[in-house]
Amino acid sequence: MEQQLTVLQQKAQAELGAIRTRPELEAAKARYVGPNGELTALMKQMGAVPKEQRPAMGKLINESKVRIVAELDLALARVAEAEIAAQVGPSIDVTLPSPDRGPGTLHPLTQVREEMCRILRKVGFAVADGPEVETEYYCFDALNTPADHPARDAQDTFYLPATADFGNISKRTPGERYLLRTHTSSVQIRTMLKGSPPIRIVSPGRVYRRDTTDATHSANFHQLECLYVDRNVTVRDLKALLDYIFTSLLGKDTKTRFRPHYFGYTEPSFEVDLSARHLPKVNKEWIEIGGCGMVDPVVFDGVGYDSKVWTGYAFGMGLERLAMLLYGIDDIRTFYQNDLRFLKQFA
Amino acid sequence: MKISRNWLQSYVNLAGKTDDEISRAVTFLGFEVESVQLTGAPKLDSVFVGEVLTRNRHPNADKLSVCTVDVGPAHGVKTIVCGAQNYRVGDRVPVALAGAVLPGNFVIKQSKIRGELSDGMMCSGKELGIGEDHSGLLILEQRPALGLPINEVLPPGDVVFDIEITPNRPDCLCHLGIARELAAWFRVPLNYPDVMVEPAVPSKDSVRSDLLGGVRVDAVEDCPLYLARIISGVKIGPSPAWLQERLTAVGLRPINNVVDVGNFVMLEYGQPLHAFDARKLAGSAIVVRRAVDGESIVTLDGKPRTLTSQTLVIADATKPVVIAGVMGGVNSGVDESTTDLVLEAAYFKRQSIRATTKRLGLSSDSSYRYERGVDPHALPEAARRAISLILQTAGGQLVGPSFRVGGDVPWQREIVLHPRFVTERLGFEIPLTDMKAALESLELTLARDDELDTGPVWTVEIPSWRDDLDRPIDLVEEILRLHGTERIPVAPVSSPGLPENDDPVVEFNRRAMAYLVGHDFHECVNYTLRSAREAAVTVESATVEKLGLSNPFVEDQSHLRASLLGGLVESLRLNQSRGLSVSLLGESGRVFHERDGRLLECVAIGFIMAEDVAERTWLRRTETDFFSVKHHAQSLAALAGIDLVRLTRPVSEGECRQWQAGHAASAGDLSQGWRASFGLLNVAAMKALGISGRVYGGEVMVLPEKISAEGSHRRYKPFGQFPAALRDLALVVDEALPSEEARRALAKAARAVIGTAFAVERISVFDVYRGEGVPDGKKSLAFSLVFRAEDRTLTDEEVNRAFQALQESLIAATGYGIRK
């Protein structure tokens, strides 16, 4: 029996060492230590062993069993490892590029708009929105632009045919035309008519001018306007806002200055220049960036606000122009071509 | 408008002010200086008039000559080597001698040129800085005295500021206007031309009614005031040098003394004037009237113009001779043979002139001023100025009768101003004395200065040329302008809280674009105005017409866009044509659609997913298909609170110019406030555009008024803790049956059978099969059903019972087969 054990032991060692798969392992396990296994069979012969030899024989069998079970465990570990290796495949060249596209990019005009809105949000401006098709009232009349003003010429403003009928823009009065808004100031009028003071909004949006397209002009472009209506709003507050906006956007070395100007809907009115030494396109020069002023009492009267009580300021600027300054872009058409080499620079 | 510094100097002493200081002053007074140009000759030392005495070929250079030049007694005869060819012996020319410094810092010294000594240089106009002529020497045709310093011969230097005048300040469309502003800025006196006294009509005998017998104004509305004076015996000829110099400096060509005086006074006072040849006025009469429809006139630019009953004209007894305030006719103008003049000074209403220039597409310096508004009160003064200048430059004498038709345009305006109001509006203090000084410097005089309990109150008298000043706030601007906008004090931004949310439309756009960019799309920005051809791809031809503008600027930007996809496809094409790897593009913006005959402005989100034909990659990913774009469309719609799954249908025939039939879907309807389409873009159309590869896309449009702010917070619903029971069911249905319809039928049957006994948690299709075991014309849709009870573990028996019953109920209701 001792000899049988030794043979069994040797056979098991050879066989178990060669096991590679789980079925082989299960079969081997059954063959040796299963209920009908060879080692189990030997143990069953213990009855036939003389009583005085039993302890020694028992010990031998046990030792064999421990060895075989250990071999089985080893085989199991090998099999499990092989299985995982098969599952994960060969190792990877981690320096290969990902074939996935991306990242996506927000258009630089959107980025500039959002940055301006964030800056203004911090000082209490909420973003307002309005239609791009407007009636003459919202675009001109309510903003103190007389009927024979050149800005209203078919030369400069896009009109829709007299028969045009819009279901979700304000109704036009007889003889009034629909047009493509020439500025986002129409949103100011809509906001004032809908709400009541105090009001503090920023209205970014698309506007239209009947213009030749060239490096600095485009049939449509984007504006951003601020309107603040409250008691005791002053010119000084307006200047403070402009200083705040542009130092927030361009850094502490940025300066703004006002030059008196004329707009029908503000009085006094100013053009705003800025200078920021680190901007390549600005340098030491003053660059015109927008227009602003104190809301003209006529505008307040038109929307039913008492101009003796309410005061306010408005500021407007072109987003393309700002983006061109900010990023050093010299042709406005670049924004509208959507060349990926352009878009990806602003990821 | 062009403003000459020398000219300004006649009214305001600017000596000692640099050009930059003047530019700055103009800028901060509120006018943009577009350019500053130097004209005339700069100061040139050691450049004199000389005469060429001899001219010989240079011994060592074919193109050069060696000349002797007489530069007058003080300098004697010099030898000069010269390369020019346009002069002859005896010509007088500018000679720069050693020590002269020509423009460009070109220092002249005695030197040897190819071995020959040269004492200086004979100069061209360009070398002297008076023009661009570099073709040869500047020949001094007037033969000025030898040795005269050249500055005494050349036109003096001037500085011309090109200034943009804002529409509210027509009073500044002239030199006096700008001078007045500068005088106020620098706080120096303004000197008006001395024309208070009109030259007297010599005697009663000199009434020449034969030249002009009468003036009648029929159109009183359009012409409230008309003055006409007669000057007899003028001699037409060139203007004196000083007058020519003024006009040339600001870019006007001198014509003759009378015309030049008219232009001069217009540029001085801003008041347009007109001179007629009296002998050309039929019937010796002037009638200011509206034209008769169809009447015509040939204007001074040589073009025939047909007039209408809206056109104001100056006519004689038989015909129009001037389009009033705009341009004279060739039939009545002053020419060399003119001896007797009628000088017109009139006040025309701006609306009338504007209507005419607009209709005729014709404008002039005169109409430009009338359209913006001239000061009727300056009219007599300007007329006096013109008369005295004509008498001075063209001779003749003022004769009677003098005509004045119409009354004074009434003018009296006072503004009551509380200085406290100025401080309140500005937000900072300007001392009272400074405020007063600012107003007075602009000739806004304080008629009264009262001291009330509440503080001082000023009554400010507004001069007639400042029609733009009407209210106290207008004076705030004047005070601030003169105080200097650069002196507005720095302050921290004030931000009293106004807790408002951003507009929900803005929020939606933001989130939608964040979604697309998060899925690797590149945001594009395309023009709203598209071609009719592109619009026709998206909408029916009747709608295309409605999207058209009444006055497009260019042909390919004539229509409002009905879809963002046209622009995105264009961006795709551009990138493909540039050989760039491109696939995922998105855009947000407004589009315009028709519903029930009316146009609607919609908020839209569009995207395309194109097969990337330029892509080179070591590992290719799963391709885009219909379900990729369906997923994105669904997610974007969900951001607007829209569930589009249940309303998805195949695209209609009308939508198939844009979409590929059988491979695209649409959902919703604008009458519900939203609409979406997605799928494969029409393959033939893409090919026709030169786009390679398949392009999938999607677009969600929502009426802005339907996008609402986020509602209240959601309420948590507890979910069952007991295990689910799963069953699979394969239905055999007609090939054409939409799976969604089968799913809904199945769900309905399940709800009916199970009722509230337990929940049917989910029914979803997991396999679509055609082929062996399924008859032709049919397909198998396999659904997975998930059942769960909230309060217990479901037993097999109850689930089986329900499962069996729902199959029977479904078959009875629909006739679907069950695949075992």
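Computed from a prediction, not measured in an experiment: that's the story for all the values here.

Caption draft 1: View of the overall build of chain B. On a plain count of helices and strands, chain B comes out with 19 helices and 39 strands. The C-alpha radius of gyration computed for chain B amounts to 43 Å, which surpasses the reference 28 Å derived for 820 residues by more than 25%, pointing to a less compact arrangement than a globule. For chain B, the C-alpha atoms occupy an extent of roughly 135 × 85 × 65 Å along the three principal directions. Partitioning the contacts of chain B with sequence separation of at least 6, the portion at a separation of at least 24 is 70%. Carbon and sulfur atoms form 51% of the exposed surface of chain B, whose accessible area is close to 37,900 Å². For chain B, the distance from the average position of its 91 positive side-chain charges to the average position of its 107 negative side-chain charges is 4 Å.

Caption draft 2: Structural context of the overall build of chain A. Per the secondary structure count, chain A includes 12 helices and nine strands. Its C-alpha atoms give chain A a radius of gyration of 42 Å, more than 25% over the compact-globule value 20 Å for 347 residues. Taken over 347 residues, chain A has a buried fraction of 53%. Considering only contacts within chain A whose residues lie at least 6 apart along the sequence, 65% involve residues at least 24 apart.

Caption draft 3: Structural view of the pairing of strand β4 (residues 61–70) of chain B. All names here are of chain B. As judged from the seven bridges shared by strand β3 (residues 47–58) and β4, these two strands associate in the antiparallel manner. Of the residues in β4, the one forming a bridge with Val52 is Val69. Counted between consecutive antiparallel strands, the loop separating β3 from β4 contains two residues. In the sheet, β4 pairs with strand β5 (residues 77–82) via six bridges, with the strands oriented antiparallel. What sits directly across from Ser65, in β5, is Cys82.

Caption draft 4: Highlighting the confidence of the model for chain A. The predicted model of chain A averages 91 in pLDDT, with 99% of residues at 70 or higher. Element-level pLDDT for chain A is lowest in helix α3 (residues 38–44) of chain A, with a mean of 82, against a maximum mean of 97 in strand β9 (residues 311–318) of chain A.

Caption draft 5: Seen up close, the environment of B:Ala664. All names here are of chain B. Tracing the backbone shows Ala664 in strand β33 (residues 659–669). Judged by relative accessible area, which is 7%, Ala664 ranks as buried. In this structure the C-alpha to C-alpha distance between Ala664 and Val651, which are 13 residues apart in sequence, comes to 5.8 Å. Setting aside residues no more than four positions away along its own chain, Ala664 makes contact with Phe626, Arg649, Pro650, Val651, Trp659, Phe678, Gly679 and Leu680.

Caption draft 6: Representation of the interface of chain B and chain A in the model. On the chain A side, the residues contacting the 88 residues of chain B number 93 residues. For the pair chain B and chain A, the summed buried area comes to about 7,800 Å², and 53% of that belongs to carbon and sulfur atoms. Put simply, chain B and chain A have 12 salt bridges between them. B:Arg354 is the partner of A:Asp153 in a salt bridge, and the nearest nitrogen-oxygen pair spans 3.0 Å. Taken together, the links from chain B to chain A amount to 45 residue pairs in polar contact (both at pLDDT 80 or more). In terms of residue class, the side of chain B that touches chain A is made up of 40 nonpolar, 22 polar and 26 charged.

Cut-off values and rules
- Residues numbered from 1 in each chain as written.
- Chains lettered and ligands numbered in written order.
- Predicted model: local features only at pLDDT ≥ 70, side-chain atom pairs only at ≥ 80, totals over all residues.
- Heavy atoms only, no water.
- Helix = DSSP H or I, 4+ residues; strand = E, 2+ residues; numbered from the N terminus.
- Rg over C-alpha atoms; globule rule 2.2 N^0.38 Å.
- Contact = heavy atoms within 4.5 Å.
- Areas by Shrake-Rupley, 256 points an atom, 1.4 Å probe, with all protein chains shown as cover.
- Lys, Arg positive; Asp, Glu negative; His and termini not counted.
- Charge placed at Lys NZ, Arg CZ, Asp CG, Glu CD.
- Buried < 20%, exposed > 50% of the residue type's maximum accessible area, 1.4 Å probe, protein only.
- Pairing = 2+ DSSP bridges.
- pLDDT = per-residue confidence, 0-100.
- Buried area = accessible area lost by both parts, 1.4 Å probe.
- Salt bridge = Lys/Arg side-chain N within 4 Å of Asp/Glu carboxyl O.
- Polar contact = N/O pair within 3.5 Å; in protein donor to acceptor, adjacent residues only side chain to side chain.
- Nonpolar A, V, L, I, M, F, W, Y, C, P; charged D, E, K, R; others polar.

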